[in-house]
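# Chains, contacts and geometry: an overview
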Amino acid sequence: MSDVSSRTSRDAARFKRLRWLRRVSQAAFLFLFVFLLLKTNIDSLATPDELPRISAPVDFFLEINPLIALGTVLSTHTLYRNLYYALVVIVLTLFLGRFFCGWVCPMGTINHMLASLRSGRMKGITRLENNRYRPAQRWKYIILTVLLAAAAMGSLQVGLLDPISLLTRSLTLVILPAWNVLMQDAYSWSLHGDTGVLSPLQVPVSWFVHKLLLRTQVVLFEQTGLILLLFLGILAANRYITRFWCRMLCPLGALFGIMSKTAILGLEKQPSMCTNCNRCALHCQGGDNPEPGMTWHQSECHLCLNCVASCPEAGIAFRFFNDTTASTREVNVTRRTLMLSVGAGVAAVPLLRTAIHPDATPNPSLVRPPGSIPERDFLARCVRCGECMNVCPNNALHPTLLQAGIEGVWSPMLIPRIGYCEPTCVLCSQVCPTGAINEITEAEKAWVPPAEGGGTTYPPLRIGTAFYDLGRCLPWAMGKECIVCEEWCPTTPKAIYFDYAEFTTREGDYVWLKRPHVDPAICVGCGACTYACPVKGAPAIYITAVGETRNPRNSILLDVPRPKGFEHS
Amino acid sequence: MVGACMYKNNLTRREFLSRSGKAAGFAVAAAGAGYLLHEAERHPFREIHEETVVRDLRITELKSEIVVGSGDDAASVTAAVITALGGMSAFIHPGDVVVVKPNIGWDRRPEQAANTNPDVVAEVVRHCVAAGAAKVIVTDITCNDPVRCFNRSGIAAAAREAGAEVLLPNEARLRDVNMGGVMLGRQPVFDTYLEVDKCINIPIAKHHGLTRVSLGLKNLYGIIGGNRGRLHQDIHNSIADLGNFLRATLTILDAWRILLRNGPQGGSLDDVEERHVIAASVDPVALDAWGGERFFGLSVADMPWLALSQRYGLGTTDHATLPLTEVYA
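The text that follows walks through the structure, step by step, so that each part is easy to find. Here the structure is a predicted model, which means the values were calculated and not measured. (Residues numbered from 1 in each chain as written. Chains lettered and ligands numbered in written order. Predicted model: local features only at pLDDT ≥ 70, side-chain atom pairs only at ≥ 80, totals over all residues. Heavy atoms only, no water.)

### Quick notes on the overall build of chain B
Across its full length, chain B carries ten helices and 14 strands. Seen through its principal axes, chain B has C-alpha atoms that stretch 115 × 40 × 40 Å. Per-residue burial for chain B yields a buried fraction of 59% across its 329 residues. Accessible surface for chain B amounts to roughly 13900 Å². Of this, 53% is attributable to carbon and sulfur atoms. (Helix = DSSP H or I, 4+ residues; strand = E, 2+ residues; numbered from the N terminus. Buried < 20%, exposed > 50% of the residue type's maximum accessible area, 1.4 Å probe, protein only. Areas by Shrake-Rupley, 256 points an atom, 1.4 Å probe, with all protein chains shown as cover.)

Have a look at this one:
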């Protein structure tokens, strides 16, 4: 008897220490996640010749993510660049179970924190019932199956619900910009505000707020409403069911649940030692029935160790090569449901593609970032993480709504009116974790002349072509001098040139003006002209995707130099 | 009898007073707030008269002259030009806060001649520091991404090493100021220019599609934010208005490398010519007139902002009337 009780206190102390280790791990990974998001830009460069590069491993969480790895393998049959890092997590999961959910996942950590803030009414028997395993937890396996089946059909939709992509997107496009808006306003107030009695605070506030600014320019994105709604919904659900997202919906959690079938670590129960106090179930994160007398679900356990750390007896313990008689490794999905889910995923792709074919009839407003691969391949890779939008120095990249069809919701598009594509920049191609934007160099982009002299090297990697709206253009329609577009055009020679033309005013006078034109053979589609065009509202020069290198069918000019003897007038 | 069962009729005086008092208190507060906040009429779009702001940072007793330096090293030629002007202490007094305004408009390397030569900027900063300036700020509102412009131009590193504070543009630091010009009324100005004691303008001489050449006065575009492209509709009056608003202490024209075509951002080294000249004057009009003629073969009539600036009293278009000193280093 004394032997057993000493073992109990030893175990409890050990599991309490391990629970603290888990908390430290969660905090550290959450901190790392946000830190890497903030490092997704260039803040300084040492010399004029240094190529702007992101030095931090900003894709770390996306690259260790088995869902992205498996999804892109199914949709492209290749494992892009660093996505093989996911193998480390896969191997660990095969041996340990869903440790990622309880120890690493930043989305899981946020849900964990919010679930512990619940109101007082969620206690006692209510909370216990709430924490019991429910059949609805199989929904995540159905979601996973549908997503993977669609991926196998060539349409990668996992990023919509993959927790790492979802969190990266939500923080990057909504939460961090909201923080920056607040800080910009505070900074502005501290510099110029009419603050009356608070004026002594202005200087210290100004100094402090300047340190908290994430960017000196206001960076705002399209589509923040829907993205925020999904994110807030996930957060709010914790009020009703602990880690609702992780238990019921998360496709990455489902993937880990399936992988944990082979785990060698698990919960071992000693019903004889149990006093039915239910403390284990009260603190359970996964809803996996840790209490003796019930079937423990290996696939639902996040290894948070709350159960074993709160057990006052020696009723339960995590052991390697545990006795599995009181537990199940099966995922609660019938074969029929599985087949239906596969069928749904497979059928979804042709149904989504009943829209107009993106290669044959490309959407003119869908200007993809430089390095983007052909549209079908793009949609087989893009996980909508928003890294490209985060890194873009000019706030030029924004999530689509329906510009790329339902299949391409929240994938990146260039909106030149808000920001143009910086000619010497290739950062979006550098951070794209899946190669939807293929990694390119400045020389491959070839929008500006090389350092050794000479003009721009052709052919450049074009993303579109500029066109004038002559009814809005100042020199063309209103007889005013302008050619700001020509000033901003970055190529050598400039794609925008001007001639001198006579304009008749309403009084019948003649004015001589510089009147701009685009040479589509030189234009790369960067959109600097659109960005700088002083005609606010709809610009007088706009970009459409025609001419983009990635789709030879989306072109205008027959750009073949004629051999000698074949020239004619 | 039924009523007696259902309703309580033993209201005390205390309860009556406290409950009606509470209701009356909130009612009075609401009515009072409505009275205080009531705005009978609004005219948000009526012109409000604002003081015209002119930042005259010149030192009036200095004589106008043009000093032209040439040689093999941009920094030492700059130093020689400053010495020939009587040293930086003629312009900067101990304790002055100085803003040095190079052209950092574009994401280009120094040899592409779209931005001011970083060696010239650094040398000017060093002289300001040596003259006892309390603080030397180097800043510009760029066209391209500021991080790229400031760093790839070499100016951020060079200016920092020379002892300057490098200030990247920030939207929160723009303040609307009435310039009272012909074209430019209220404009968003980078607040630094409203606070400093002295300003040294260091343009680069380069081609520009609309004005044919961009020199000292055109460089002042970099002090304002907002829709700058709109000013192209009357660029010459806009340039003169900017020159009138910010009357710089000294203008130093960087013609070490000049951009002859595809301005103002250029790109190809084929469009760049090495001239190895640095010139300076307290008269920005005469310096622009001289620079346009010397490097681009333009007459005063080709550069209409000169006559407009002269009308503001910013200087003379007839640069030949000013003494010209040539120095070599």
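Alright, that's what it looks like, and here's the rest.
### Looking at the overall build of chain A
What chain A contains, in helices and strands, is 24 helices and ten strands. Referenced to the eigenvectors of the C-alpha coordinate spread, the extents of chain A come out at roughly 110 × 70 × 45 Å. Look at the contacts in chain A between residues 6 or more apart in sequence, and 74% of them connect residues 24 or more apart. Positive and negative charge centroids in chain A, built from 52 and 41 side chains respectively, lie 13 Å apart. (Contact = heavy atoms within 4.5 Å. Lys, Arg positive; Asp, Glu negative; His and termini not counted. Charge placed at Lys NZ, Arg CZ, Asp CG, Glu CD.)

### Side note on the interface of chain A and chain B
Contacts between the two partners involve 52 residues from chain A and, on the opposite side, 45 residues from chain B. Surface buried jointly by chain A and chain B totals about 3700 Å² across both partners, of which 51% is contributed by carbon and sulfur atoms. In terms of surface lost to chain B, no three residues of chain A exceed Pro48(A), His192(A) and Glu487(A), which account for 17% of the buried area on that side. In this structure, the connection of chain A to chain B is made through zero salt bridges. (Buried area = accessible area lost by both parts, 1.4 Å probe. Salt bridge = Lys/Arg side-chain N within 4 Å of Asp/Glu carboxyl O.)

### Examining the environment of Val367(A)
Residue and element names in this part refer to chain A. With respect to the element layout, valine 367 can be found in the loop between helix H17 (335-352) and helix H18 (375-379). You can call valine 367 buried: its relative accessible area is 1%. C-alpha separation for the pair valine 367 and glutamate 548, spaced 181 residues apart in sequence, amounts to 8.2 Å. Here valine 367 is in contact with Met413, Leu414, Ile463, Ile543, Thr544 and Ala545, once residues within four sequence places are set aside.

### What to know about the environment of Val91(A)
Residues and elements named next belong to chain A. In this fold, valine 91 is placed in helix H4 (residues 86-96). Judged by relative accessible area, valine 91 falls into the partly exposed class, the value being 44%. Considering only alpha carbons, one finds valine 91 and threonine 40, 51 residues apart in sequence, at a separation of 29 Å.

### Structural notes on H4(A)
Since one α-helical turn is 3.6 residues long, residues separated by three or four positions face the same way. All names here are of chain A. Along H4, the residues that are buried comprise Ala86, Val89 and Thr93. Projected down its long axis, H4 shows its buried positions confined to an angular sector of 60 degrees, all on one face. Buried-residue contacts for H4 involve helix H2 (60-63), helix H3 (66-76), helix H5 (99-104) and helix H14 (251-259). The first or second residue beyond H4 is glycine 97, which carries a positive phi of 95 degrees. (Arc of directions from axis to C-beta.)

### Section: the nonpolar core
Counting residues in hydrophobic clusters, the biggest one holds 125 residues, and the most contacted among them are Phe100(A), Met107(A), Phe318(A) and Ile541(A). Sort the elements by how many residues they give to this core and helix H10 (residues 163-192) of chain A lands first, with seven residues. Non-local contacts of Phe100(A), meaning those with residues more than four positions away in its chain, are made with Ile64(A), Val89(A), Cys105(A), Ile164(A), Leu252(A) and Phe256(A). Within the second largest apolar cluster, 51 residues are counted, among which are Tyr221(B), Leu242(B), Trp290(B) and Leu298(B). (Core = buried A, V, L, I, M, F, W, Y, C linked by side-chain atoms within 4.5 Å.)

### Things to note about the packing of helix H8 (residues 139-152) of chain A against H14(A)
All names here are of chain A. Between H8 and H14, the least distance of the axes is 8 Å, while the angle of their chain directions is 100 degrees. Comparing their axes, H14 and H8 come out roughly perpendicular. Contacts between H8 and H14 involve Lys140, Tyr141, Ile143, Leu144 and Leu147 from the first element and Pro251, Gly253, Ala254, Leu255, Gly257 and Ile258 from the second. (Axes fitted to C-alpha atoms, helices over the stretch in contact; angles between N-to-C directions. Parallel < 35°, antiparallel > 145°, perpendicular 65-115°, else oblique.)

### Considerations on the environment of Gly97(A)
Residue and element names in this part refer to chain A. Mapped onto the fold, glycine 97 is located in the loop between H4 and H5. Through-space distance from the C-alpha of glycine 97 to that of tryptophan 447 is 49 Å; in sequence the pair is 350 residues apart. In contact with glycine 97, not counting residues within four places along its chain, are Leu92, Ser260, Ala263 and Leu303.

### A look at the side chain of Ser268(B)
With respect to the secondary-structure elements, Ser268(B) resides in the loop between strand S12 (250-259) and strand S13 (272-281). In terms of polar contacts, Ser268(B) uses its side chain to reach the backbone amide nitrogen of Asp270(B), at 3.1 Å. (Polar contact = N/O pair within 3.5 Å; in protein donor to acceptor, adjacent residues only side chain to side chain.)

### Some thoughts on the packing of aromatic side chains
Residues and elements named next belong to chain A. Summed over all chains, the structure comprises 14 aromatic pairs over all chains. The interplanar angle of 50 degrees and the centroid separation of 5.2 Å between the aromatic rings of tyrosine 420 and tyrosine 531 together place this pair among those described as tilted. On the criterion of sequence distance, the pair formed by tyrosine 420 in the loop between strand S6 (412-414) and helix H20 (427-431) and tyrosine 531 in helix H24 (residues 528-532) is long-range, its members being 111 residues apart. Given the relative accessible area of 2%, tyrosine 420 is considered buried. Given the relative accessible area of 31%, tyrosine 531 is considered partly exposed. One cation-aromatic arrangement involves arginine 23 over tryptophan 20; the distance from NZ or CZ to the ring centre is 4.7 Å. Between lysine 445 and the ring centre of tryptophan 447, over which it is positioned, the NZ or CZ distance is 4.2 Å. (Phe/Tyr/Trp six-rings, centres within 6.5 Å; stacked < 30°, edge-to-face > 60°. Lys NZ or Arg CZ within 6 Å of the ring centre and 35° of its normal.)

### Regarding unusual backbone geometry
In this structure, the amide linkage connecting Thr492(A) to the following residue, Pro493(A), adopts the cis form with an omega of -10 degrees. Here the bond from Gly263(B) into Pro264(B) is cis, since omega is 0 degrees, no more than 30 degrees from zero. Topologically, Pro264(B) is positioned in the loop between S12 and S13. The backbone of Asn278(A) sits at a positive phi, close to 70 degrees, despite the residue not being glycine. Mapped onto the elements, Asn278(A) comes out in the loop between strand S1 (265-269) and helix H15 (279-282). Residue class for Asn278(A) comes out partly exposed when judged on its relative accessible area of 22%. Look at Asn395(A): it is not a glycine, yet its phi comes out positive at around 60 degrees. Take Asn395(A): it is sitting in the loop between helix H19 (387-391) and strand S5 (397-399).

### Some details on helix H12 (residues 224-236) of chain A
Residue and element names in this part refer to chain A. Compared with the 18 Å implied by 1.5 Å per residue over 13 residues, the 18 Å span of H12 between its first and last C-alpha is a close match. Those residues of H12 lying buried are Ile227, Phe231, Ile234 and Leu235. Down the axis, H12 shows its buried residues gathered within 100 degrees of arc, on one side only. In this fold, the buried residues of H12 make contact with helix H6 (106-115), H10, helix H13 (244-249) and S5. (Expected span 1.5 Å × (residues − 1).)

### Details of the pattern of salt bridges
Residue and element names in this part refer to chain A. Scanning the model with the defined rule gives 32 salt bridges over all chains in all. Taking the shortest distance from any N to any O, the salt bridge between arginine 132 and glutamate 129 comes out at 3.6 Å. The salt bridge involving glutamate 548 is made with arginine 550; its shortest N-O contact spans 2.8 Å. Of the two residues, glutamate 548 and arginine 550, neither departs from the other in class, the shared state being buried. A cluster of three or more residues bridged by salt bridges with shared partners is formed by Arg368, Glu375, Glu548 and Arg550.

### So, the packing of H3(A) against H14(A)
Residue and element names in this part refer to chain A. Running from amino to carboxyl end, H3 crosses H14 at an angle of 90 degrees, the nearest separation of the two axes being 9 Å. With respect to H14, the element H3 is oriented roughly perpendicular. Residues Pro66, Leu67 and Leu70 of H3 pack against Pro251, Leu252, Leu255, Phe256 and Met259 of H14. Considering only residue class, the contact of H3 with H14 consists of eight nonpolar, no polar and no charged. (Nonpolar A, V, L, I, M, F, W, Y, C, P; charged D, E, K, R; others polar.)

### A word on a nonpolar patch on the surface
A cluster of nonpolar side chains, Val73(A), Leu79(A), Tyr84(A), Tyr85(A) and Leu87(A), forms an exposed patch at the surface whose accessible area comes to about 420 Å². Note that Val73(A) resides in helix H3. (Patch = residues over 30% accessible without salt bridge, like charges linked within 9 Å, V, L, I, M, F, W, Y side chains within 5 Å.)

### With respect to the state of the cysteines
All names here are of chain A. Following the criterion strictly, the structure yields zero disulfides over all chains and no others. Cysteine 101 takes part in no disulfide bond, and the closest cysteine sulfur to it belongs to cysteine 250, at a distance of 6.4 Å. The exposure class of cysteine 101 is buried, given its relative accessible area of 8%. In this structure cysteine 301 is not part of a disulfide, and its nearest cysteine sulfur, from cysteine 307, lies 6.3 Å away. (Disulfide = S-S within 2.5 Å.)

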